[in-house]
Structure formats: C-alpha cells, structure tokens
Amino acid sequence: MASVKVQCVSKWFERRDGESLHVLQNIDLEAPEKTITAIVGASGCGKSTLLNIVAGLIEPDRGCLFLNGVKASEFKDWRSMTYMFQEDRLLPWRTAAQNVAFGLEAAGVGRAERKERVAETLELVGLSQFADVFPHELSGGMRSRVALARSLVTRPTLLLMDEPFSKLDPTIREQMHAEVLRIAELMSMTILFVTHDVEEAVVLASRVVVLNPRPGRVRETRTIDLPYPRDRTSAEVQQEARSLRESL
Ligand SMILES: Nc1ncnc2c1ncn2[C@@H]1O[C@H](COP(=O)(O)OP(=O)(O)OP(=O)(O)O)[C@@H](O)[C@H]1O
C-alpha cells in the first residue's frame, strides 16, 4: 500500500499584486510503504509546496491526498508523520537532548519515558556523548544529526524531508545519506524526500518523481533499481543522474 498518494493535485497562490500563480498542476504521486521516494525539480517548481500539502500544512485547491489509504480529511494519525526542514531549526537555548525532547513534550509524554527515548534516539544517530551540548557547540554535521534525532524520536512511520542536507559539505552529506538509509531500514520508515540534487536522489531513492516548472507538473516517475548502498561516484549512479538531469 502507498503511505502517501497524491491524486490530481493542483495549487494556485495569490501573489501580492493580485495575480494568481499556478504552482502545481494535476500532480499524481505515490510513495510506497517502507521505501524512499525523491521529488526532484528546478528551484521554484513547487517541490516544497507539494511536501507541505502532504504534511497537511497547505490545502490543495484541487485533487486528493491519501495517507495510509485514508483520505487526508479523515486521517487521524498525524503524529505518525514528521517533517525535517532545510534549516535544522534547533533552539539555541536548549541542549541537544532538550531539542530532541521537544516533540515528546508537545505530545505530553512523561519525563521518565522522554528521557529514555531521547537517550535511545541520540544513540541511534551516534550522539550519545553530546546530549548536554548546546547547538552552537556542535558542527554542522552534528547539528544535522540532532535535527534527524528530533524527527525520529516520536517513532514516525512517514518522514518528510525538504532538502535537509543541502547546506552540509559533501563528505558529511554522504555520511548523512548512509545514516538515513540505515535508520529507514531499521525503523521500517517511508520517506518522501525533496531535493534538487539528482545524485542525492539516485543514492537514496527507489523512486524518483521529476517535476517540471511553471506550473509544477510530473514529467516522469522513475524506478531506481540499483542495489544499496549506492556509491555516488559509481558509473551506474552517474549514468542515472545524467539521464535524470536530461529529463529536467
Ligand atoms: N505562500 C506563498 N505565497 C505565494 N507564492 C508562494 C508561496 N509559497 C511558494 N510560493 C511560490 O510558489 C512557487 C513554488 O515554490 P516552492 O517553494 O514550492 O518551490 P521549490 O521547488 O521548493 O523551490 P526551491 O527548490 O527553491 O526551494 C515559487 O514561485 C514561490 O515563489
């Protein structure tokens, strides 16, 4: 079953000059359960808008969204979904552990359970030693791991990621890709991942949805049938990436 099904979704934004901006046109997309699906496209083609629609943050003007087979308007289990943004959005006055605990506090989870789950999740991302450290004392890669831990601590089954690693340097980004693949498998998660980096899409995803701009529409949905782990520099990955770039 598809964790996410977007059916014939269209979206317009009203611009400040009163003009209507057609951002998404008849988008069909499926993210099958326990797989990674990437959405790629040029800047401004509507990738984040589409992800925000899936997250329930923006209403589509036309079309339907289904989550775990249930129409979004009837879907109750929004806590099974988390969102990882482009910026890590860590609270500077909170330690790594306190940042990770944030979602659990909001969900009313008691102190003892919170402590246990935060410790487990920090261990999962390799940051047990840094629980009491503040964000400004962490490297970019470590901050990214804290943000990932904060997304994972509620044990989501669906993780939405909007270019979360685009600001990291290439080596750290590759490490985060390996972490995402390891954790996605361990936690049996479905991931919907937005990126404009086609190599990142090929390394991570089993399906890639290519959007064309103005208005954003699906140009093609491609299956990436390469074994994991995938080496970014390998001939197979490079060939898929080249072909995707041509499609863009
Ligand atoms: N709330 C809004 N009101 C008006 N226009 C908006 C709004 N949000 C986004 N847009 C416009 O919609 C278009 C798509 O934006 P969106 O952020 O979804 O694209 P994107 O593909 O994610 O871009 P990028 O890769 O640069 O992040 C852009 O032209 C943007 O200016």
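Small disclaimer: the values here were computed from a predicted structure and weren't measured.

J.: An account of the site of the ligand is needed here, citing residue identities and associated values.
T.: In the neighbourhood of the ligand, 13 residues make up the surrounding shell, with Phe13, Ser43, Lys47, Ser48 and Thr49 lying closest. If one sorts the elements of the shell around the ligand by residue count, helix 1 (residues 47-54) sits on top with three residues. In terms of residue class, the shell around the ligand is built from four nonpolar, seven polar and two charged.

J.: Which residues make up unusual backbone geometry, and what values do they have?
T.: Each neighbour pair has its own omega, and for arginine 214 with proline 215 the value is -5°, a cis peptide bond. With respect to the element layout, proline 215 can be found in the loop between strand 9 (207-212) and strand 10 (217-223). Look at the link from tyrosine 228 to proline 229: it is a cis peptide, with omega at -5°. With respect to the helices and strands, the residue proline 229 is situated in the loop between strand 10 and helix 7 (235-247). Of note in the backbone geometry, glutamate 163 takes a positive phi value of approximately 45° without being a glycine. As for its position among the elements, glutamate 163 is in the loop between strand 7 (158-162) and helix 5 (170-186). Phi angles above zero are rare outside glycine, and arginine 214 is one such case at about 50°. For arginine 214, the position within the fold is in the loop between strand 9 and strand 10.

The rules behind the values
Residues numbered from 1 in each chain as written. Predicted model: local features only at pLDDT ≥ 70, side-chain atom pairs only at ≥ 80, totals over all residues. Near = placed C-beta within 6 Å. Helix = DSSP H or I, 4+ residues; strand = E, 2+ residues; numbered from the N terminus. Nonpolar A, V, L, I, M, F, W, Y, C, P; charged D, E, K, R; others polar.

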